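# Fold and geometry: a report
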Amino acid sequence: MHIIVTESYDASAAFVADMIAELINKKPDCKLGLATGGTPVPIYKKLIGKNAAGEVDFAQVRTVNLDEYCGLAGDHDQSYRYFMDTNLFDHVNINKANTFVASGLGDPAANAAELDAKVAEGGPCDLQLLGIGNNGHIAFNEAGDCLKAESHIETLTESTIRANARFFEKEEDVPTTAITMGMKGILSAKCLVLVATGAAKADAIRQLVCGGEITTHNPSTFMKLHPNAWVVIDRALADAAGYKG
Ligand code: PGA
């Protein structure tokens with residue numbers, strides 16, 4: 001794994017935005033795996049700025065997102081489709097027909113099958129952007145005794161519901177289930193880029209970057225099996241995690 005320690009979270013966001021822009025410039029019709037949550041927002045802001053400055057062209061870019069809350073329609077302001085539209089897609093010259101966020105409504109099994117079909121369509125993602133939960137989850141593959149290879153419906157843990165409550169009016173409003181890309185879909189990407197900041201992630205990041213253990217109790221550790229995986233953290237988080245590199 002490539003472990004990059006930056007001076008600040010803004011520098012991490014700049015590093016990752018540059019990586020994505022370079023990929024798009026090299027391969028204009030690349031396929032990006034995208035993530036939601038608080039962490040990617042500054043990365044998307046920088047990509048919007050680069051697109052406005054004519055430094056990167058999204059016209060042919062294809063995207064597939066990691067997950068979506070069950071029970072929320074795409075126009076709900078906490079759905080991940082809405083997040084992607086308002087934080088990135090509405091502000092760059094991407095063709096929205098080439099973007100995919102799984103449906104949180106309708107038949108869960110059919111939605112999961114559709115997500116896996118989109119992950120496979122046209123070949124693997126050139127780059128998969130990842131955040132990490134305080135419990136080590138990636139996408140909504142929650143920490144536990146087992147993980148699932150295929151896309152599926154996941155019951156969110158208390159830790160995840162608590163962490164995501166900040167985006168909702170009250171904790172009871174956070175959906176308790178979500179559709180998520182499975183571990184196989186995530187690991188199928190040609191390049192994985194996990195970005196994290198904040199002391200709440202220190203324990204999860206310690207297990208990821210210090211030592212060689214892989215455990216279903218911290219799904220991010222499966223990144224260690226991937227030949228081209230990057231972890232981008234700022235100095236404050238590296239110190240909190242006890243990373244000495
Ligand atoms: P966050 O979420 O970026 O809002 O911290 C990350 C995650 O849960 O994967």
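Read on for a plain summary of the structure. In this numbering scheme, every chain counts its residues from 1 along its sequence in written order. Reporting of local features is limited, given that this is a predicted model, to residues whose pLDDT is at least 70; pairs of side-chain atoms are given and counted only at 80 or more, and all residues count toward the totals for whole chains, interfaces and linings. Computation of side-chain values covers all heavy atoms of the structure but excludes hydrogens and water.

### Some points on the side chain of Ser12
Structurally, Ser12 can be placed in helix 1 (residues 9-26). Exposure categories follow from relative accessible area, calculated using a 1.4 Å probe and restricted to protein chains: below 20% of the type maximum is buried, above 50% is exposed, and the middle band is partly exposed. The exposure class of Ser12 is buried, given its relative accessible area of 0%. Throughout this description, a polar contact denotes any pair of N or O atoms lying within 3.5 Å of each other; where both atoms belong to protein, one of them has to be capable of donating a hydrogen while the other can accept it, and for residues adjacent in sequence the pair is counted only when both atoms sit in side chains. A distance of 2.7 Å separates a polar atom in the side chain of Ser12 from a polar atom in the side chain of Thr6. Sequence-distant contacts of Ser12, defined by excluding residues within four places in its chain, comprise Thr6, Val195, Val232, Ile233 and Asp234. In DSSP terms, a helix is any run of H or I states spanning at least four residues, a strand is any run of E spanning at least two, and both are numbered starting from the N terminus. Should any heavy atoms of two residues lie within 4.5 Å, those residues are counted as being in contact.

### Quick notes on the sheet that holds strand 8 (residues 177-180)
Backbone hydrogen bonds hold the strands of a sheet together, and the pairing may be parallel or antiparallel. Judged by pairing direction, the sheet is antiparallel, and its 3 strands sit side by side in the order 4-8-7 without closing on themselves. The sheet is open, and its two borders are formed by strand 4 (67-69) and strand 7 (152-155), each paired with just one other strand. When strand polarity is set aside, the average angle formed by the axes of neighbouring strands in this sheet is 30 degrees. For every element, the axis is a line fit to its C-alpha atoms; helices are fit only across the contacting stretch, and the angle between N-to-C directions ranges from 0 to 180 degrees. With respect to the sheet, helix 4 (residues 108-120) is in contact with strand 7 and strand 8, its orientation differing from that of strand 8 by roughly 30 degrees. Strands are treated as partners if at least two bridges between them are detected by DSSP.

### Brief notes about the sheet that holds strand 3 (residues 62-65)
Ordered in space as 1-10-9-6-2-3-5, the 7 strands form an open sheet in which the pairing is parallel. At either margin of the open sheet sits one strand with a lone partner, and together these are strand 1 (2-6) and strand 5 (99-100). Pairing analysis gives 5 bridges linking strand 1 to strand 10 (residues 229-234), with the strands arranged parallel. By the bridge assignment, Val5 is partnered in strand 10 with Ile233.

### Some thoughts on the pattern of salt bridges
Salt-bridge detection follows one rule: a side-chain nitrogen of Lys or Arg within 4 Å of a carboxyl oxygen of Asp or Glu. The final tally for this structure, using the stated rule, is 12 salt bridges. The shortest N-O distance in the salt bridge between Lys118 and Glu121 comes to 3.6 Å. When its relative accessible area of 27% is taken as the criterion, Lys118 is described as partly exposed. The structure contains a network of salt bridges with shared partners spanning Arg81, Asp85, Asp90 and Lys96.

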